[in-house]
Amino acid sequence: MSKKLIGFFLLLLILVPSIVSVAQEPQGLPVDLPREELFIVDQIFRYGVPGNYNIWTSAGVTPHRHSMMNETLWYRDQETGERINGLAASDPVYNEDYTQMSVDLRENLTWSDGVPFTADDVVYTVETLMATPELGQSGWNTSFNTFVASVEKTGDYSVQFNLNEPNSRFHTLFETVWNGVYIMPKHIFETVDDMATFTFENPVVLGTYIPIDYDPNGFWELYERREDWQNSPAGVITENAGPRYILTIFYGDSARKAIAMSRGELDVYFDADFEAFQTTLETTPTARSWYAEFPWAYPNENNTRQFTFNYEGQPLFQDVRVRWALALSLNIVELQTEYIGGVAKVTALPIPPTQALQPLFHDPLEEWLVNLQIDLGDGTMYNPYDPTIPDQIAAWAEEQGYTVPGTPREVFGTGWWKYDTEAAATLLESAGFTRADNGDWMTPDGEPFTLEIQSPPDENDAFRMANAATDMWSDFGIDVTLSGLERNAWDQNGQVGQFEIDTPWMTATNVDGDAWPQLRGWHPEFYIPVGQNVLEGGGVQYIQRMRLQDPQWGEYIDAMIPLEPGSEESLVAEREFFQYITENMQMITTISFKKFVTWDERYWTGFPTAENPSYMPLYWFHGGKFAIQSLMPAA
């Protein structure tokens, strides 16, 4: 382990005790159940609304819960890229001009109270979400009111959507990667007077699991499998019962997760920092992650990590020279190796270089990146891209004694921006910044150049990125403060615009490369000013947090609407949009997601691996239900 990683681990322990001190100590489980019937899951954060299962409100908590309880029409598996029929029996069917979409539903499903699932539930869900703005989950109220003229039942198990305008991607509202429109039980919700305050305390579900107990402070929840699990989509698809009980539990930081797993009090964790993962391998011989050897972690989650700017919170970010100066004063090789452990892929574009997406975006744009020039502000045209970054990371890995399982570009991603503090200094000086006698940067107003980065420590890679930037920008002469915030506080600050630099994640395209369904929520029409909550706008919150009002974004996104999904014409339009974002450095994309999704096979087997990639292992996603439902007792 490098000295910097050890140092970072100690720093993390110093920075976050106020956060983890409230987490569950791994000193025994909160429930007394036969271990061979109980699968224990790392709950990725402490729930802010324990016991409230009305997932259709803006405050509805999605991770884990939607995987076990809720259903939609289709799933898109991030590992295989394949569409999986959920409540639908087959693919969506459009008419010739894409103004109607029809879907046939499975006929053998029931709600957990035994009531059959029918087309009435789908029609009711859409009409209720359209009529109830208080049900603001994921902007579906806005989307339906934009696209849907009417929805009608054409049979007990068939539905037709009549659209306001041609839309060949309407079905993606019901095709989940993270989530899709959760279908409501009509026979329950039609008796509710106030949808916004209804907590759905005793939920009736289409999923396999029902919540039966929870911690009032939000640290854990207990679920029990339905007796008629065969009548849920995951039961039908996997033909496997899965564990009888599932306990989700929030332990807090990575060290606590490693301790809990070593004690047999955690079967799978969502992610951990590099050191805790190594500790797990040493203390829990039955544990592993996606790969059995370096780089271990799951590499194909369809997201990237960024530093994003609050364009209204810090006016200096309006100047592209300042944004480029910050990018060029980051050493991506050191960030990826010394802070991340060399286990994530680098990307200069807001697209993860996964096996499916790299050929669609990164490879076609490589020549453009190599030839890209920016104006340093003094008349100098400068090529900022360094295509040798993956080779430099591979050299580091070999020095550590690791075997690199592929070409550097396959394993470590694409090139990135040069680490060039001289060019960064030229950019700042051209923007009116000056150096103080001690070398620190002063703004054009003569004030010290200060920055605050906010990042949640439970997102290990995001928090490590923030630490790297704090170190590197401080070395460059900027006064940087890093605030590690608990997830709920971090989210709230971001939503109302109380930050300068944030470390969120982005999903810029679907797994199949069709970007418009994701980019629609990036449209400037969803802009919400600082002080108001971006969730009220219905756009993608991690984009709208930036308060970026760039009409060019709207023009690019609108131009994609009439293009055939997956066509070369559509891909060209998408690439042009990502080129615009990149050339203007409107966010600093650094790495794609890696996840040390790590499981212990002491009690349960059958979790997906690189050797058995049946489903994605991201169990907190909506489609994570298939990995859980496929589990078998170890004994």
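Residues numbered from 1 in each chain as written. Predicted model: local features only at pLDDT ≥ 70, side-chain atom pairs only at ≥ 80, totals over all residues. Heavy atoms only, no water.

Under the annotation held in an unreviewed UniProt entry, the chain carries the name ABC transporter substrate-binding protein and is attributed to Phototrophicus methaneseepsis.

A few words on the overall build of the chain. Each helix and strand in the chain was counted, giving 22 helices and 28 strands. The C-alpha atoms of the chain give a radius of gyration of 24 Å, which matches the 26 Å a tight globule of 635 residues would have. For the chain, the C-alpha atoms occupy an extent of roughly 75 × 60 × 45 Å along the three principal directions. Of all intrachain contacts in the chain linking residues separated by at least 6 positions in sequence, the fraction that spans at least 24 positions is 72%. Surface exposure of the chain reaches about 22,400 Å², of which carbon and sulfur atoms provide 47%. (Helix = DSSP H or I, 4+ residues; strand = E, 2+ residues; numbered from the N terminus. Rg over C-alpha atoms; globule rule 2.2 N^0.38 Å. Contact = heavy atoms within 4.5 Å. Areas by Shrake-Rupley, 256 points an atom, 1.4 Å probe, with all protein chains shown as cover.)

Next up on the list: the pattern of salt bridges. Across all of its chains, the model carries 33 salt bridges by this definition. When the shortest N-O distance is used, the salt bridge between E611 and R288 registers 2.7 Å. On the criterion of sequence distance, the pair formed by E611 in the loop between β27 (604–605) and α22 (625–629) and R288 in strand β13 (residues 287–288) is long-range, its members being 323 residues apart. On the accessibility criterion, E611 (54% relative accessible area) is exposed. (Salt bridge = Lys/Arg side-chain N within 4 Å of Asp/Glu carboxyl O. Buried < 20%, exposed > 50% of the residue type's maximum accessible area, 1.4 Å probe, protein only.)

By size, the foremost hydrophobic cluster in this structure holds 189 residues, and its most contacted members are F144, F161, F170, F174, W417, W473 and W522. Ranked by residues supplied to this core, first place goes to helix α16 (residues 460–476) with eight residues. Discounting chain neighbours no more than four positions away, the residues touching W473 are F307, L326, S329, L330, L451, I453, I478, V480, I501 and I588. Y75, I84, A234 and Y615 belong to the second largest nonpolar core, which has five residues in total. (Core = buried A, V, L, I, M, F, W, Y, C linked by side-chain atoms within 4.5 Å.)

Before going further, it helps to spend a moment on the UniProt feature "domain: Solute-binding protein family" (unreviewed entry) in the chain. According to UniProt, the feature "domain: Solute-binding protein family" (unreviewed entry) maps to residues 85–515 in the numbering used here. Counting secondary structure, residues 85–515 comes out at 31% helix and 18% strand; the distance between its end C-alpha atoms is 21 Å. (UniProt positions renumbered as here; feature names shortened; annotations may be inferred.)

Okay, the pairing of strand β14 (residues 304–309) next. In terms of residue burial, β14 counts as a mostly covered element, since six of its six residues are buried. Alternating residues of β14 divide into T304, Q306 and T308 and R305, F307 and F309, and every residue in both groups is buried. The sheet contact formed by β14 and strand β24 (residues 505–506) spans two bridges and is antiparallel. Within the sheet, the bridge partner assigned to T304 lies in β24 and is M506. Here β14 runs beside strand β25 (residues 587–592); their pairing, made up of five bridges, is antiparallel. If you follow T308 over to β25, its bridge partner there is M587. The pairing of β14 with strand β23 (residues 501–502) spans two bridges and is antiparallel. (Pairing = 2+ DSSP bridges.)

This next bit is on the layout of surface pockets. Considered as a void within the structure, the second largest pocket measures approximately 440 Å³ in volume. Elements with a contribution of two residues or more to the lining of the second largest pocket: α12 (358–371) and α14 (408–412). Considered class by class, the residues forming the lining of the second largest pocket number 13 nonpolar, five polar and five charged. (1 Å grid on protein atoms, 1.4 Å probe; cavity = no way out; pocket = protein on both sides within 12 Å on 5 of 7 lines; lining within 4 Å. Points joined across faces, edges and corners; volume = space filled by probe spheres on them. Nonpolar A, V, L, I, M, F, W, Y, C, P; charged D, E, K, R; others polar.)

Time to look at the sheet that holds strand β2 (residues 74–76). Ordered by their spatial adjacency, three strands build an open sheet running β3-β2-β8, and the pairing between neighbours is mixed. Edge positions in the sheet fall to β3 (83–85) and β8 (175–176), since each has one partner strand and no second. Sheet topology note: the β2/β8 ladder contains two bridges and is parallel. Among the inter-strand pairings, W74 is bridged to a residue of β8, identified as E175.

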